[in-house]
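Commentary on secondary and tertiary structure
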Amino acid sequence: MTKQHLPLEGIRVLDFTQVMMGPCATQMLADFGADVIKIERPGEGDLSRNFFGEPSEEAMNNAVFASLNRNKRSVEIDTKSEAGRRMIYDLVAQSDVVVDNFRAGVMRRLGFDYDTLSKINPAIICASGTGFGEVGPYAHKGGQDVLAQAMTGVMEKTQDPAVPKSIYPTTLCDYTAGMHLVQGILAALLARAKTGRGQKVGVSLYDSMIAMQMQEAAQWSKHREVLNWAAMPLTGVFDTTDGAVVVVGAFKPHPLRDICAALEIEDLSADYPNLASQRANKPYLQGRFRDAFATNTTAHWIKRLEDQDLLCAPVRSLGEALDDAQTAVNGMLLDLDHPILGKITLVGSPVHLSEAPLVIRHAPPRLGEHTDEVIREFNLNAVARKEAV
């Protein structure tokens, strides 16, 4: 049997990250084959280990932590102690990438900033994910997904002006910035292969959310016009007799005519022939749609809409999506027998490589599970270890 060669095999990552943005980035690096050594605070570890009540083996290895930390090794080091700092420097000398998602300035205060570490290892890549950037008026603020939603315009837009503004319930900013962090690290590794030198990589929640709105930003800058895809007049979510349907009335020559045909109502496109008239009469049009959808089932309307080649989908729960055959076909679920949690299902990688399918090489680690192993492997000072833990 041919040995599997993972694309980042031989790359060593020191992972100072915690919670969501950083860990989802380093988990992807680990899935690609990097040796990710997770540096954790003695007795506490990643903040995600302490989300759920009193500390216990099960609580500290909960499903949220497990979802973000497979294929990593955990080492307990007190990074504020002199002994711990020496251990980190010894590891940096033998590593390729250092990743953190602390508030701006924390790595410098710890003595682990790029200027310091590059003197130890000129090839080191230091990647930092912050809330708002490392300089500027908001650099001092703690970064958090909801704050980034609020401060970048993401939270301000709603489908309907009458709907109160609200928090997007999935960690959109954290995940997006985490994937940008992966892109930056991979680009820096490619550059290092040409130059032999590392560099600093910077990503922020704020920048990632501004970047996500590139179309909206260009439209605003050019025309001072708010581009809100969710508020388009022929797009919406409509209740049926047993659920809900979302329809996107776009990317067709005559979407209103086709929606009317699917709903078996009179063709309203003669009275509202263009986008301007449809926008002006959106409440009326959507009211007609709503009344029609309420008369039959989701399956009935999906078929009717698809027969007109309209973009549509049932509105489902996460549980329904996880149980869907498409999720299984795409290989998006991984079953794992966890030493503490027992059987657990984790979400796989959205990036599918034909020559390097995802495998779990390491279960999400217990706190400090690999400390002694790493000390032996990298010939670290065992005395310093006792002082640093």
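Now for a quick tour of the structure. From a predicted model like this one, the values you see are computed outputs, not experimental measurements.

1. Here's the deal with the packing of helix α1 (residues 21-31) against helix α8 (residues 172-195)
Helix packing for two helices is described by the angle between their axes and how far apart those axes are. At a closest axis distance of 8 Å, the pairing of α1 and α8 adopts a crossing angle of 45°. Our classification of the angle between α1 and α8 gives oblique. For the pair α1 and α8, the crossing hand works out as right-handed. On α8, the residues that touch M21, C24, A25, M28 and L29 of α1 are D174, Y175, A177, G178, M179, L181, V182, I185 and L186. Split by residue class, the contact of α1 with α8 holds 12 nonpolar, one polar and one charged.

2. As for the sheet that holds strand β9 (residues 311-314)
The three strands lie next to each other as β7-β8-β9, forming an open sheet whose pairing is antiparallel. A strand with exactly one partner marks an edge of an open sheet, and here the two such strands are β7 (235-239) and β9. For this sheet, the mean angle separating the axes of adjacent strands, direction not counted, is 15°. Two elements, strand β8 (residues 244-248) and β9, share four bridges in a ladder whose sense is antiparallel. When the bridges of β9 are listed, V248 appears paired with L311. Seen against the sheet, helix α13 (residues 282-293) touches β7 and β8 and runs at an angle of roughly 35° to β7.

3. A few points about the pattern of salt bridges
Scanning the model with the defined rule gives 19 salt bridges in all. The residue D46 makes a salt bridge to K38 at a minimum N-O spacing of 2.9 Å. A single burial state applies to D46 and to K38, both of which are buried. Through salt bridges with shared partners, a single ionic network connects R12, D35, R73, E373 and E377.

4. So, unusual backbone geometry
Positive phi outside glycine occurs at R224, with the angle close to 55°. Of note, R224 is situated in the loop between α10 (214-223) and β7. R224 gets classed as exposed once you look at its relative accessible area, which sits at 55%. A positive phi angle, close to 60°, is found at E264, a residue other than glycine. Tracing the chain through its elements places E264 in the loop between α11 (255-263) and α12 (275-280).

What counts, and where the lines are drawn
- Residues numbered from 1 in each chain as written.
- Predicted model: local features only at pLDDT ≥ 70, side-chain atom pairs only at ≥ 80, totals over all residues.
- Heavy atoms only, no water.
- Axes fitted to C-alpha atoms, helices over the stretch in contact; angles between N-to-C directions.
- Helix = DSSP H or I, 4+ residues; strand = E, 2+ residues; numbered from the N terminus.
- Parallel < 35°, antiparallel > 145°, perpendicular 65-115°, else oblique.
- Left-handed = near helix turned anticlockwise from the far one by under 90°.
- Contact = heavy atoms within 4.5 Å.
- Nonpolar A, V, L, I, M, F, W, Y, C, P; charged D, E, K, R; others polar.
- Pairing = 2+ DSSP bridges.
- Salt bridge = Lys/Arg side-chain N within 4 Å of Asp/Glu carboxyl O.
- Buried < 20%, exposed > 50% of the residue type's maximum accessible area, 1.4 Å probe, protein only.

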